[in-house]
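Listed below are the residues making up each chain.
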Amino acid sequence: NAGVTQTPKFQVLKTGQSMTLQCAQDMNHNSMYWYRQDPGMGLRLIYYSASEGTTDKGEVPNGYNVSRLNKREFSLRLESAAPSQTSVYFCASSEQLLIAKNIQYFGAGTRLSVL
Amino acid sequence: DQQVKQNSPSLSVQEGRISILNCDYTNSMFDYFLWYKKYPAEGPTFLISISSIKDKNEDGRFTVFLNKSAKHLSLHIVPSQPGDSAVYFCAATDTNAGKSTFGDGTTLTVKP
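The present account deals with the structure reproduced in this document. Note that this is a predicted model, so its numbers are computed, not measured.

**Details of the sheet that holds strand β3 (residues 19–25) of chain A**
Residues and elements named next belong to chain A. Taken in spatial order, the four strands line up as β1-β3-β8-β7 in an open sheet, and their pairing is antiparallel. Strands with a single pairing partner mark the edges of an open sheet, and in this sheet they are β1 (4–7) and β7 (64–68). Taken over all neighbouring pairs, the strand axes of this sheet differ in orientation by 15 degrees on average, direction set aside. Across three bridges, the pairing between β3 and strand β8 (residues 74–78) is antiparallel. If you follow methionine 19 over to β8, its bridge partner there is leucine 78.

Here it is in structure tokens:
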């Protein structure tokens, strides 16, 4: 039972490079999310997808793009990485966005350093 | 403006004693609250939740209390165990908007 799988686990980029973070869930969830966590801070929502075919901006979307490839997969792309994007990125999924008990299931995270 | 605040970055307690983690919120539209637990190098995992129509929810050693008038909730762990040492995040949800807002987390250390 894999749950939410993120790849890669670690990545080092140079300023200006691009990369895509991959996320897949096997729980048949409708909603998926991308968060970043900086040291001493909570989880800040970058983008989310309420259902297959839809994506919306979260709290900190600048510098990122997303693709909801299908129900299982939700990728996050950094087009031109900046040192300010050094962070730990978490993907999460939940059964449905607009329900009260919207429990999210998280992947193990991608640790990204931008030099 | 941070809508969900966990004012204690860290808490240290002795094994067997009670741990109390606190969380304050400002948005009166929040109607569901969750606690997540996070170990190093892992993603957060759901621990316990409470609806705004309740003031207490209990699950084994974990109890969450909600004081709506004070916009305050707390997580009690009794008795605390070394395996409870982790970062605990409070999250608040406005069901109509769907998204959850997370606090900055409290690092709990339970000493043997």
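Having seen the model, we can carry on.
**Some details on the pairing of strand β7 (residues 62–67) of chain B**
All names here are of chain B. Bridging between strand β6 (residues 56–59) and β7 involves four bridges; their strand directions are antiparallel. Residue pairing for β7: asparagine 57 is matched across the bridge by valine 64. Between β6 and β7, which pair antiparallel and follow one another directly, the connecting turn spans two residues, one of which, glycine 60, has a positive phi of 65 degrees. Bridging between β7 and strand β8 (residues 72–77) involves six bridges; their strand directions are antiparallel. Residue pairing in the sheet places leucine 66 in a bridge with leucine 73 of β8. Turn length for the β7-β8 hairpin, with the two strands adjacent in sequence and antiparallel, is four residues, and the turn residue lysine 71 shows positive phi of about 50 degrees.

**Describing unusual backbone geometry**
A:Pro8 follows A:Thr7 through a cis peptide bond whose omega is -5 degrees. On the secondary structure map, A:Pro8 appears in the loop between β1 and β2 (10–13). Positioned with a positive phi, B:Ala41 is a non-glycine residue whose angle comes to about 65 degrees. As for its placement among the helices and strands, B:Ala41 is situated in the loop between β4 (32–38) and β5 (45–51). Overall, the relative accessible area of 55% leaves B:Ala41 in the exposed class. Although it is not a glycine, B:Lys71 sits at a positive phi angle of roughly 50 degrees. Along the chain, the position of B:Lys71 falls in the loop between β7 and β8. Looking at B:Lys71, the relative accessible area reads 27%, which means it is partly exposed.

What counts and how
- Residues numbered from 1 in each chain as written.
- Chains lettered and ligands numbered in written order.
- Predicted model: local features only at pLDDT ≥ 70, side-chain atom pairs only at ≥ 80, totals over all residues.
- Heavy atoms only, no water.
- Pairing = 2+ DSSP bridges.
- Helix = DSSP H or I, 4+ residues; strand = E, 2+ residues; numbered from the N terminus.
- Axes fitted to C-alpha atoms, helices over the stretch in contact; angles between N-to-C directions.
- Buried < 20%, exposed > 50% of the residue type's maximum accessible area, 1.4 Å probe, protein only.

All quantities given are derived from atomic positions and should not be read as evidence of function.
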